[in-house]
Amino acid sequence: MVTPMRRAWPLQLLLTLLLVAFAGLVWLTYHPEAEILTQAEDIPVVGSWATHLRRIYLPKKPRIESPREPGSSRVDEASPQSIPAIELRGLEARPFEWFRDGAPIFDAPLEGAQEIGQVVGIRRLVLWEQREGWAAVRTKGVHGWIHLDASSILNEPPLGRATKPVLALDGRAPDPDRLRRALEKFPELPKEMNFGPYKTYTDLDNSTLLAFLNRVAENLETSYRERTLLAPRGQAHEVVLLFAHEASYREFQQTESRLEGLDSRGHAETGMAALFVGESDTSEIAATLVHELAHLLNRRSIGPALPPWLDEGIAEDLASSRLAADGTLQLGSLRGQASLQGTVVSYSGAFAALRQLQERASLDDLPPLRKLVDQDWHTFVADSHRTFNYAHSALWVRFLFSGDPVLPTSFREFLDAVAKGEPVHSAHLEQRLDRSWAQLDREFRAWLEGEYVRWLPLLD
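Residues numbered from 1 in each chain as written. Predicted model: local features only at pLDDT ≥ 70, side-chain atom pairs only at ≥ 80, totals over all residues. Heavy atoms only, no water.

**Description of the packing of aromatic side chains**
- Evaluated as defined, the whole model comprises 17 aromatic pairs.
- Geometrically, the ring pair formed by Trp-396 and Phe-444 is edge-to-face, given 6.1 Å between the ring centres and 80° between the ring planes. Of the two residues, Trp-396 is situated in helix α12 (residues 386–402) and Phe-444 in helix α15 (residues 437–455); the sequence distance between them amounts to 48 residues.
- By relative accessible area, which is 1% here, Phe-444 ends up buried.
- By the ring-pair criterion, three or more aromatic residues cluster together here, those being Trp-309, Trp-396, Phe-399, Trp-437, Phe-444 and Trp-447.
- Of note, Arg-138 hangs over the ring of Trp-128, and the distance from its end group to the ring centre comes to 4.2 Å.
- The ring of Phe-388 is capped by Arg-360, whose NZ or CZ atom sits 4.5 Å from the centre of that ring. (Phe/Tyr/Trp six-rings, centres within 6.5 Å; stacked < 30°, edge-to-face > 60°. Helix = DSSP H or I, 4+ residues; strand = E, 2+ residues; numbered from the N terminus. Buried < 20%, exposed > 50% of the residue type's maximum accessible area, 1.4 Å probe, protein only. Lys NZ or Arg CZ within 6 Å of the ring centre and 35° of its normal.)

Dropping the structure here:
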């Protein structure tokens, strides 16, 4: 005979599991920054739920805005008390690999699975999921699994993983087919205008914002020259694509195989820079434009094959600077804010990046600069610490531009030498700066502390 207690135990177990699950969910709403949620974002099905939970419960970053007249555009003022917030635009990328032409794709991650397609040409494919030597991939309409072994993986990408010195190049117009594909993604025929020297296509209907972005692009090359002491080669022939809506930009992004799996506010390719407006304010849009155009200026001033710390570091150093109402960069200034909410100080924007590095430096937990400088693009972008890598690079470059009286001169001489074809590797940089990496680490940590104190805004 089955006793009532024995009949009831499955129900009791179910209720206990539901209670534990509910308690765990409640705990996560109080700890949306938990590492388990960060890891869960990369898991199919569960990932979208984890991302949604973090978006709801992570605290909103406060903003400090300049006093402005009714109807005026939201632009930065020159006052150090007015530092609008802005996000570091790191590329949020999934892991990827280069695969050989003809590598088979299967319907399941199992030996003996049915082949459903092949990789066409040498391809860089995002690894959407990985299981014991297999990875889920998508290419040319085929969704399946590929074996991660020597028969499929190309050990070296077509141009290699190591950075190769390349001379600065003239401005270059976009490939006509790529430009045509991009223009087709606008909901309606975009209007043509100029942002400084760059022909621009946009479906944005905001004359105040467009006029401001024009001034930003018009003044950027002068600021770049002042910052680097480099003269970009020739004239700018690239174009800018400014999408009013994020959805249109994402549709264009999906046509670019190199950008598959990336989540960014904009990107720069040979011949063009693309970005979207969405719900961002003027200062954020302008900073994204500065960042992407800086990549084009790097290509014309130093070369197209730069290591990530240098290419992204220069672009983010410029984009992290405040913009005056006339569209000129205030070189060496810092976007971001700190606000007091009760007894808690919240940081945002580039100031949050500075605070993060300063805090890790004070705890002796800052990665060595040599490690940052030696990272290749694959590691820099695909690594789980990629957002930190962007912040680290931006402030490292800013330190090189604004350290003691000797350091900026040595760094600019390094840039000039690289632009003329000398190696860009860490040993060459160490030699040009005439300081050991241990010494640079010490000086960088001290500089971070000084910058944090110097730019700490008035608290709300």
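**What about the confidence of the model for the protein chain?**
- Residues with a pLDDT of 70 or more make up 76% of the protein chain, whose mean pLDDT is 81.
- Every residue in residues 56–93 is under pLDDT 50, and counting partners more than four places away or in other chains gives 106 contacts. (pLDDT = per-residue confidence, 0-100. Contact = heavy atoms within 4.5 Å.)

**Notes on helix α4 (residues 176–184)**
- Listed as buried for α4 are Arg-178, Leu-179 and Ala-182. Buried residues of α4, seen end-on, are gathered within an arc of 100° and therefore sit on one face of the element. For α4, exposure combined with an orientation more than 90 degrees from the buried face picks out Pro-176 and Glu-184.
- Residues of α4 that are buried sit in contact with β9 (198–202), β10 (239–243), α6 (246–254), β11 (266–269) and β12 (272–276).
- The N-capping residue of α4, defined by a side-chain oxygen 3.1 Å from the backbone nitrogen of Asp-177, is Asp-175. (Arc of directions from axis to C-beta. Polar contact = N/O pair within 3.5 Å; in protein donor to acceptor, adjacent residues only side chain to side chain.)

**Quick look at the nonpolar core**
- Core analysis: the biggest nonpolar cluster contains 76 residues, and Trp-309, Trp-396, Phe-411 and Phe-444 have the highest contact counts within it.
- If near-sequence neighbours (up to four positions away) are discounted, Phe-411 is found in contact with Trp-309, Leu-310, Val-397, Leu-400, Phe-401, Leu-429 and Leu-433.
- Counting twelve residues, the second-largest nonpolar core is a separate cluster that includes Leu-179, Leu-241, Phe-243 and Phe-276. (Core = buried A, V, L, I, M, F, W, Y, C linked by side-chain atoms within 4.5 Å.)

**Examining the sheet that holds β10**
- Across the sheet, which stays open at both edges, the five strands sit in the order β8-β9-β10-β12-β11 with mixed pairing between neighbours. Taken across any chain shown, the strands that pair with only one partner, and hence form the sheet edges, are β8 (191–195) and β11. Across the sheet, the mean angle from the axis of one strand to that of its neighbour is 20°, orientation sign disregarded.
- Where β8 lies against β9, five bridges are found, and the strand directions are antiparallel. Note that in β9 the partner of Asn-194 across the bridge is Lys-199.
- Those strands touched by α6 are β10, β11 and β12, and its axis lies near 140° from that of β12. (Pairing = 2+ DSSP bridges. Axes fitted to C-alpha atoms, helices over the stretch in contact; angles between N-to-C directions.)

**Observations regarding unusual backbone geometry**
- Positive phi is not limited to glycine here, since Asp-364 has a value of about 55°.
- A positive phi is found at Asp-434, a non-glycine position, where the angle reads about 60°.
- Looking at the element boundaries, Asp-434 is found in the loop between α14 (426–433) and α15.

**Describing a nonpolar patch on the surface**
- On the surface, Leu-14, Leu-15 and Leu-18 cluster together to form a nonpolar patch covering roughly 290 Å² of accessible area.
- Within the secondary structure, Leu-18 sits in helix α1 (residues 4–30). (Patch = residues over 30% accessible without salt bridge, like charges linked within 9 Å, V, L, I, M, F, W, Y side chains within 5 Å. Areas by Shrake-Rupley, 256 points an atom, 1.4 Å probe, with all protein chains shown as cover. Salt bridge = Lys/Arg side-chain N within 4 Å of Asp/Glu carboxyl O.)

**Details of the pattern of salt bridges**
- According to the stated counting rule, one finds 17 salt bridges in the structure shown.
- One salt bridge connects Asp-317 with Arg-398, and the closest N-O pair in it is separated by 2.8 Å. A residue pair is termed long-range when its members are at least 10 positions apart, and Asp-317 in helix α8 (residues 308–319) and Arg-398 in helix α12 qualify at 81 residues.
- Shared partners join several salt bridges into a network, and the residues in it are Asp-177, Arg-180 and Glu-184.

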